[in-house]
Amino acid sequence: FSTGVADNCQVTVTQPRFQEADHSTHSVLLTCAFSASGCSSYSLQVLWFRFLTDTHQDLCAPACRDQQKYEVYRSENNTSLEIKNLTVDDNAVYICGIAFPDSNSPHSKKTGDGTVLTKTGREHSNGKLIFVFMIIISSLLFLYSSTALTLFVVHKVGSKCHTFQYPLKKKITSGRKIFQAIAEELQKQRFAEHCQQPDEVEDDTVYQNR
């Protein structure tokens, strides 16, 4: 039965909720942060286990059962589990546990909420590539449609401008014709007056001679 400071031992553990590994990843490092107050540090134990669909497995409690597959690292307030030769069969919920077995405090042994590890298979990666490719194609089609629509609108607006300008040209041409007709009429009148003037002079001369 332990007394004193160890009875006030209190532990908190936090883990990232999700971690995803690409199909080409061969190893992954799962992290776990913890804090301990009122605990005897020399009696600290780090445990790792995982939950599968219908069972759970003790991976390192505290020694790792498969040292070629799993390895635990520990610093002052952090611990991590390295999983080697990673496959899709390693997809599971990984739990980190911190325990001070010398303490009688009910808060001296805690686990994190667990990290959901997911390694994507090659077919999922191909699916992602196809999805990205489809997004690119859709974007290109959208740009093509927008460009075609813009050209169509510009063409229509240009055509309307021509239809508006053409009658104005006709009006200008008609005005010029009218001006030419008036100018020609005035010129004819002046020419007629000029032609009549010598006859009058001749008549006066003839009258005077008589």
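Calculation criteria
Note that residues are indexed from 1 along each chain, following the sequence as it is written. Per-residue local features are limited, in this predicted model, to residues with pLDDT of at least 70; the limit for side-chain atom pairs, both in listing and counting, is 80 or more; totals at the level of whole chains, interfaces and linings are taken over all residues. Think of the side-chain values as coming from all heavy atoms in the structure, minus any hydrogens and water. Here a salt bridge means any side-chain nitrogen of Lys or Arg lying within 4 Å of a carboxyl oxygen belonging to Asp or Glu. Under the DSSP-based scheme used, a helix requires at least four consecutive residues in state H or I and a strand at least two consecutive residues in state E, with every element numbered from the N terminus. Accessibility here uses a 1.4 Å probe with only protein chains present; expressed as a share of the type maximum, an area under 20% marks a residue as buried, one over 50% as exposed, and anything in between as partly exposed. Note on terminology: pairs of cysteine sulfur atoms within 2.5 Å are recorded as disulfides. Think of it this way: DSSP has to see at least two bridges between two strands before they count as a pair. Axes, fitted as lines to C-alpha atoms, cover a helix only where it is in contact. Angles between the N-to-C directions of the axes lie from 0 to 180 degrees.

An unreviewed UniProt entry lists the protein chain under the name IGSF6 protein, with Sapayoa aenigma as the source organism.

## Focus: the pattern of salt bridges
Here the structure, examined in full by the defined rule, presents three salt bridges. When the shortest N-O distance is used, the salt bridge between Arg50 and Asp90 registers 3.6 Å. Of the two residues, Arg50 is situated in strand β4 (residues 45-51) and Asp90 in the loop between β7 (78-83) and β8 (92-99); the sequence distance between them amounts to 40 residues. What makes Arg50 buried here is its relative accessible area of 8%. Overall, Asp90 belongs to the buried group, its relative accessible area being 4%. Lys69 is the salt-bridge partner of Asp90, the closest N and O atoms lying 2.8 Å from each other.

## Digging into the state of the cysteines
This model, assessed by the stated rule, comprises three disulfides. Residue Cys9 pairs covalently with Cys39 via a disulfide, S to S 1.8 Å. What sets the handedness of the Cys9 and Cys39 disulfide is the S-S torsion sign, and at about 95° it is right-handed. Taken as a pair, Cys9 in the segment before β1 (10-14) and Cys39 in the loop between β3 (28-37) and β4 lie far apart in primary sequence, 30 residues in all. For Cys9, a relative accessible area of 0% corresponds to the buried category. The disulfide partner of Cys60 is Cys64, and the gap between their sulfur atoms is 2.0 Å. What sets the handedness of the Cys60 and Cys64 disulfide is the S-S torsion sign, and at about 100° it is right-handed. For Cys60, a relative accessible area of 0% puts it in the buried group. Judged by relative accessible area, Cys64 falls into the buried class, the value being 15%. In the protein chain, numbering the disulfide-bonded cysteines from first to last in sequence yields the connectivity 1-3, 2-6, 4-5.

## Regarding the sheet that holds β1
Taken together, the four strands give an open sheet; going across it, the order is β1-β3-β7-β6, and neighbouring strands pair in antiparallel fashion. Each edge of the sheet is formed by a strand with only one pairing partner; in this case those strands are β1 and β6 (70-74). The sheet shows a mean angle of 20° between the axes of neighbouring strands, direction not considered. Of the strand pairs in this sheet, β6 and β7 are connected by five bridges, and their pairing is antiparallel. Looking at the pairing, Glu71 lines up with Glu82 of β7.

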